[in-house]
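Chain by chain, the residues run as shown.
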Amino acid sequence: VQQSLAAGATAVIVEIPEREVPKAEKQSLLWPQEVFLGDVEGAISGVFASAECTFVTATAPYVCGLNGDGQAGLGFPSMAVQTLRPLRGLPPSVTWLGGGLHFSAAV
């Protein structure tokens, strides 16, 4: 990690060994939940849903939800993204976000 940062890396993704996730925890992620909006910059201009993710547009697009196949669009797979995270690489002018079980799309 230190070598990567010294070489000019701007981000580091650390993978932690997978853990056995109890079925009840997995099922709890399928129900609607309140989302903290305090980290969203600017006024929210849109809320969109895919099969497993929620997308919010403001001054930038944001996402949270299931991400086992990387369908949240953050560049890495994980069981879930439980708080809204900014989607890098998309312009703030995105007008629609959505997707299916294993993918996401932006227009």
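Residues numbered from 1 in each chain as written. Predicted model: local features only at pLDDT ≥ 70, side-chain atom pairs only at ≥ 80, totals over all residues. Heavy atoms only, no water.

Checked against the element boundaries, S50 lands in the loop between strand 1 (46-49) and strand 2 (53-57). According to the relative accessible area criterion, S50 is buried, its value standing at 15%. The residues contacting S50, other than those within four sequence positions of it, are F55, G98, G99 and G100. (Helix = DSSP H or I, 4+ residues; strand = E, 2+ residues; numbered from the N terminus. Buried < 20%, exposed > 50% of the residue type's maximum accessible area, 1.4 Å probe, protein only. Contact = heavy atoms within 4.5 Å.)

With that settled, the discussion passes to the pairing of strand 3 (residues 61-67). In terms of burial, strand 3 is a largely internal element, seven of the seven residues being buried. The sheet contact formed by strand 2 and strand 3 spans five bridges and is antiparallel. Across the sheet, F55 pairs through a bridge with V63, a residue of strand 3. Once strand 2 ends, the chain turns through three residues before running back antiparallel as strand 3. In terms of strand pairing, strand 3 meets strand 4 (residues 78-86) through five bridges, oriented antiparallel. Bridge pairing links N67 to S78 in strand 4. (Pairing = 2+ DSSP bridges.)

For the rest of this paragraph, the subject is the side chain of T57. Along the polypeptide, T57 turns up in strand 2. What makes T57 buried here is its relative accessible area of 4%. T57 has contacts with A43, I44, S45, G46, F48, V94 and L97, leaving out every residue within four places of it along the chain.

Within strand 2, four of the five residues are buried, which leaves it mostly tucked inside the rest of the structure. Sheet topology places strand 1 next to strand 2; four bridges connect them, and they run antiparallel. Directly across from V47, in strand 2, lies its bridge partner V56. Linking strand 1 back to strand 2 in an antiparallel pair, the connection comprises three residues.

This part covers the nonpolar core. F55 and V63 are the most contacted members of the largest nonpolar core, which totals 16 residues. Those residues in contact with F55 that lie beyond four places of it in its chain are G46, V47, F48, S50, Y62, V63, A72, L87, L97, G98 and S104. (Core = buried A, V, L, I, M, F, W, Y, C linked by side-chain atoms within 4.5 Å.)

All right, on to the state of the cysteines then. Scanning all chains against the criterion turns up zero disulfides. For C53, which is in no disulfide, the shortest distance to another cysteine sulfur is to C64 and amounts to 7.7 Å. Using a relative accessible area of 3% as the deciding quantity, one classes C53 as buried. (Disulfide = S-S within 2.5 Å.)

Read across the open sheet, the four strands follow the order 1-2-3-4; overall the sheet is antiparallel. Sheet topology places strand 1 and strand 4 at the edges, where each strand pairs with a single neighbour. Here the average twist between neighbouring strands, direction ignored, is 15 degrees. (Axes fitted to C-alpha atoms, helices over the stretch in contact; angles between N-to-C directions.)

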